[in-house]
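# Architecture at a glance
Listed below, chain by chain, are the residues.
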Amino acid sequence: MIRFIGDIPAKADSKGRFFLPAALRKTLQSYGEEKLVLRTDTFQQCLVLSPESVWNELVDQLQSKLNPFNKKHSMVMRQFVADSESITLDSNGRLLIPKRYLQKAGIDCEVHFLGVNNTIEIWATEKLEKSFMESDEFAQTLEELMNDNEL
């Protein structure tokens, strides 16, 4: 299973393109992934870049929980896929993020690429810090999660 890690800052070039950091590109290449899907995050003000295979699994998982004859379910599926776009890196490893996505995420020219499990989050530098828990809260929550499985 593909896994990304790291917090890598980057800046847009003069044409508004971002270089996908080499470590993340190497992970993609090692799994033979060439196509990516970009979407806005459901819960946070950031963008999520998924390898196409991960995206397809996610859509399949969502679709398995939806009834196509339920109006609300149809609207959820429509909104989920309408808010996404296929992205391909150019030969230099750059990606051009459409302006509407940059605006939704409040991104200007400085970003952080965060490897989060099987996706890559793209954050405006000034918004990233607000997305983390305080150290004590993180430690306590992690301890509770990990101890939930103990007998």
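Data block above holds the structure.
Going along each chain's sequence as written, the residues are numbered from 1 onward. Predicted model: local features are reported for residues with pLDDT of at least 70 only, side-chain atom pairs are reported and counted for 80 or more only, and whole-chain, interface and lining totals are derived from all residues. Excluded from the side-chain calculations are hydrogens and water; all other atoms, namely the structure's heavy atoms, are used.

### Some thoughts on a negative patch on the surface
- Patch criteria: residues need more than 30% relative accessible area and no salt bridge. Like-charged residues are merged within 9 Å; nonpolar side chains of Val, Leu, Ile, Met, Phe, Trp and Tyr are merged within 5 Å. What sets the accessible areas is the Shrake-Rupley method with a 1.4 Å probe; for residues, cover comes only from the shown protein chains. Salt bridges are defined as contacts in which a side-chain nitrogen from Lys or Arg sits within 4 Å of a carboxyl oxygen from Asp or Glu. In this tally, Lys and Arg are treated as positive and Asp and Glu as negative; His is ignored, and so are the chain termini. Note on charges: their place is set at NZ of Lys, CZ of Arg, CG of Asp or CD of Glu. The grouping of E129, E134, D136 and E137 at the surface amounts to a negative patch.
- Secondary structure elements are defined from DSSP: runs of H or I of at least 4 residues count as helices, runs of E of at least 2 residues count as strands, and each element is numbered from the N terminus. Note on placement: D136 falls in helix α6 (residues 135-147).
- Residue class for D136 comes out exposed when judged on its relative accessible area of 67%. Any residue under 20% of the maximum accessible area for its type is buried, any over 50% is exposed, and the rest in between are partly exposed; the area is computed with a 1.4 Å probe on protein chains only.

### Regarding the pattern of salt bridges
- The final tally for this structure, using the stated rule, is 5 salt bridges.
- The closest approach of N and O atoms between K11 and E110, which form a salt bridge, is 3.9 Å. Pair noted here: K11 is in strand β1 (residues 7-11) and E110 is in strand β7 (residues 110-116), with a separation of 99 residues, a long-range link.
- Exposure remark for K11: the relative accessible area of 56% places this residue in the exposed category.
- K104 is the salt-bridge partner of D83, the closest N and O atoms lying 2.7 Å from each other. Here D83 is found in the loop between α3 (71-82) and β5 (84-88), whereas its partner K104 is found in helix α4 (residues 99-105), with 21 residues between them in sequence.
- Classification of D83 by relative accessible area gives buried; the value is 16%.

### Description of the sheet that holds strand β3 (residues 35-40)
- A pair of strands is labelled paired if DSSP reports no fewer than 2 bridges between them. Spatially, 6 strands are ordered β1-β7-β8-β4-β3-β5 in an open sheet, and the strand pairing comes out antiparallel. Each edge of the open sheet carries a strand with a single partner, namely β1 and β5. Pairwise comparison of adjacent strand axes, ignoring direction, gives a mean angle of 25° for this sheet.
- Pairing of strand β4 (residues 47-51) with strand β8 (residues 119-124) involves 3 bridges; the strand directions are antiparallel. Residue L49 lies in a different strand from β8, and its bridge partner there is I120.
- Contacts are residue-level and defined by heavy atoms, with any inter-residue pair within 4.5 Å sufficient. An axis is simply a line fitted to the C-alpha atoms; with a helix, the fit covers only the stretch in contact. Between two such axes, the angle follows the N-to-C directions and lies from 0 to 180 degrees. On top of the sheet, helix α2 (residues 52-64) reaches β3, β4, β5 and β8; it is set at about 100° to β4, its chief contact.

### Section: the side chain of T27
- Looking at the element boundaries, T27 is found in helix α1 (residues 22-30).
- On the basis of relative accessibility, which here comes to 18%, the residue T27 falls in the buried class.
- Sequence-distant contacts of T27, defined by excluding residues within four places in its chain, comprise I2, R3 and F4.

### Looking at the layout of surface pockets
- The computed volume of the largest pocket comes to approximately 340 Å³.
- Counting residues per element, the ones that place at least two in the lining of the largest pocket are β3, β4 and α2.
- The biggest single contributor to the lining of the largest pocket is α2, with 4 residues.
- Counted by class, the lining of the largest pocket contains 5 nonpolar, 6 polar and 3 charged residues. Computed over the protein atoms alone on a 1 Å grid, cavities are sets of points where a 1.4 Å probe fits but cannot get out and pockets are open sets with protein on both sides within 12 Å along at least five of seven lines; a residue lines them when it has an atom within 4 Å of a point. Grid points are joined across faces, edges and corners, and a volume is the space filled by probe spheres set on the points. For this scheme, ten residues count as nonpolar: Ala, Val, Leu, Ile, Met, Phe, Trp, Tyr, Cys and Pro. Four count as charged, namely Asp, Glu, Lys and Arg, and the remainder, Gly too, count as polar.

As far as function goes, none of this settles anything; it's purely spatial.
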